Amino acid sequence: MNTKQRKAFGTAAADASLEELAIDRREPSPHDVEMDILYCGICHSDLHAARNEWGGSKYPLVPGHEIIGRVTRVGDHVSKFKMGDMAAIGCIVDSCRTCHYCAEGFEQFCEAGNTIVFGSPDKYLGGSNYGGFSESIVANEDFILHVPAGLDPAAAAPLLCAGITTYSPLRHWKVGPGSRVGIVGIGGLGHLAIKIAKAMGAYVVVFTTSAAKAADAKRLGADEAVLSTDAEQMKQRLKLNMILDTVSAKHNANDYINHLAVDGTLVLVGLPIEPLSIGAFNIVKGRKSVAGSNIGGIAETQEMLDFCAAHNITADIELIGVHDINTAFDRLEHGDVHYRFVVDMATLKG
Ligand code: NAP
Ligand code: ZN
Ligand code: ZN
C-alpha cells in the first residue's frame, strides 16, 4: 500500500517526553478521506496512554483523539465529504459494522473490537496506528464527523472526546428539565458536562477539589459548587438523580454516592487505575446504582456536535503549540488547566 511520510509528535517510551517524529499515513483508498489536522485537544486519556498508566501501550505512540481538520483528498467512492470541508475525528476510526452493537450505533461496544484512533492495530500498514498530534490523518468516511458551521474549530475539538463522553451518559440517563445532576471534577470532561447538562435543562451541582474552580463554576453554568475538600460542605445531602464522575485519579466514590437521591445513579466516566471501593450500605439504602459509560457512537457524536452548535457550546481552551505538549501533560496531571489544552497543529509545520 502506498504511504506518505508525515510529521507527528509522540513518544518512544512510557517515561520519555514527547518529541517530533516521522510516521507513515496511507494513501486514501476509495472510501477514505484525508484531512489536514488543524487542532487536536489533549484528553487525560492521552496522558494515561502515553505514560502507560493502564498498561498495554504500544510505542512509538502518537496520542490525540480530539481532531478537527480540513479535508484535502477524498477517495473515488466517498459521498459524505468533499475537499475543503471542515471535518472531525474522535476516538473511533473503524469497527466491524455488522455486530448487534454496531448496527445499533454503539460502535464503542463493537463485539469484534473497534479501532481506536491511536495505539490500535493498523489493518492497512501493520504495527499500531497513530493519533491526532500529527500533520494529517486518513480514515474511512463513515467514522468522520461534520463540523457544524458556527462552531469555532479550535474550541470545538474537545467535543470529539470530552463532549461525547459526557453527552452520551447525560442522554442515556434521560437528563432534562427537573433533573438534579452532579458533576465531579472540573477538568476537560467536567466543564463540558456542566455546559451540556445545563443546556439539557438540568439543575447542576459541581464537586471540585479547587477553591478557584468552585468560584468559576457559576460562570460555566453550574447552579451550585461544592468544595469536596471541605468536610462541612460535603455533609450536605444534595439528593441528586445522577452524578457523573470524571475524576482521573484515586478517590472515594462513597463521598459522592452520599449525595444521590433514592434511585439515583453514580456514572463513572473517569478511568483511574485503582479499583473503587463502594460501601454496600451506601447503595442499598436508597436503591442507588453505580454505572459506567464509554465515549459514544458515531451517530450520537454527530448528534452531540449539532446539539452543541444549537446551544452555542464549545470548550474553554488554552491554545498551545506542539512543543508545549510536555508541559501541558504535567499541568494536566495536576488538574491545572482551564479547561482543555488544544494544540494548534500548524506549529508542527512551522
Ligand atoms: P482532566 O481534565 O484532568 O480532569 C479531571 C479532573 O478530576 C481534574 O480537573 C480534577 O478536578 C479532578 N481530580 C483529579 N484528581 C482528583 C482526585 N485525586 N480527587 C478528586 N478529584 C480529582 O481529565 P479529563 O480529560 O477530563 O478526563 C477525566 C478522566 O476521564 C480521565 O481518567 C480520562 O482518561 C477519562 N476519560 C474517559 C472516557 C470514557 O469514555 N469513559 C473518555 C475520555 C476520558 P478538580 O480540579 O475540579 O477537582
Ligand atoms: Zn479522551
Ligand atoms: Zn461491531
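As a starting point, this report considers the structure included with it. Every value quoted in this text rests on a predicted model; they were computed, and no experiment measured them.

## Some remarks on the packing of aromatic side chains
Think of a pair of aromatic rings as described by two things: how far the centres are apart, and how the planes are tilted against each other in angle.
Inference 1: The full count for this structure, using the stated rule, is three aromatic pairs.
Inference 2: On the basis of an interplanar angle of 45 degrees and a centroid distance of 6.3 Å, the ring pair of Phe106 and Phe109 is categorised as tilted.
Inference 3: The class for Phe109 is partly exposed, based on a relative accessible area of 40%.
Inference 4: Above the plane of the ring of Tyr124 lies Arg26, whose end atom (NZ or CZ) is 3.7 Å from the centre.

## A look at the site of ligand 1
Inference 1: Of all residues adjacent to ligand 1, which total 29 residues, the nearest are His44, Thr208, Thr209, Ile295 and Arg340.
Inference 2: The side chain of Thr208 places a nitrogen or oxygen atom 2.6 Å from an oxygen atom of ligand 1.
Inference 3: With respect to ligand 1, the side chain of Arg340 contributes an N or O atom lying 2.6 Å from an oxygen atom.
Inference 4: For ligand 1, the accessible surface in isolation is 920 Å², of which the surrounding protein chains cover 90%.
Inference 5: Listed by contribution, the elements that provide at least two residues to the shell around ligand 1 are helix H1 (44–50) and helix H5 (188–199).
Inference 6: Of all the elements, H1 adds the most residues to the shell around ligand 1, at three residues.
Inference 7: When residues of the shell around ligand 1 are assigned to domains, at least three map to each of domain 1 (3–159 + 315–349) and domain 2 (162–292).

Cut-offs and rules
Residues numbered from 1 in each chain as written. Chains lettered and ligands numbered in written order. Predicted model: local features only at pLDDT ≥ 70, side-chain atom pairs only at ≥ 80, totals over all residues. Heavy atoms only, no water. Phe/Tyr/Trp six-rings, centres within 6.5 Å; stacked < 30°, edge-to-face > 60°. Buried < 20%, exposed > 50% of the residue type's maximum accessible area, 1.4 Å probe, protein only. Lys NZ or Arg CZ within 6 Å of the ring centre and 35° of its normal. Near = heavy atom within 4 Å. Polar contact = N/O pair within 3.5 Å; in protein donor to acceptor, adjacent residues only side chain to side chain. Areas by Shrake-Rupley, 256 points an atom, 1.4 Å probe, with all protein chains shown as cover. Helix = DSSP H or I, 4+ residues; strand = E, 2+ residues; numbered from the N terminus. Domains from an automatic or database assignment.

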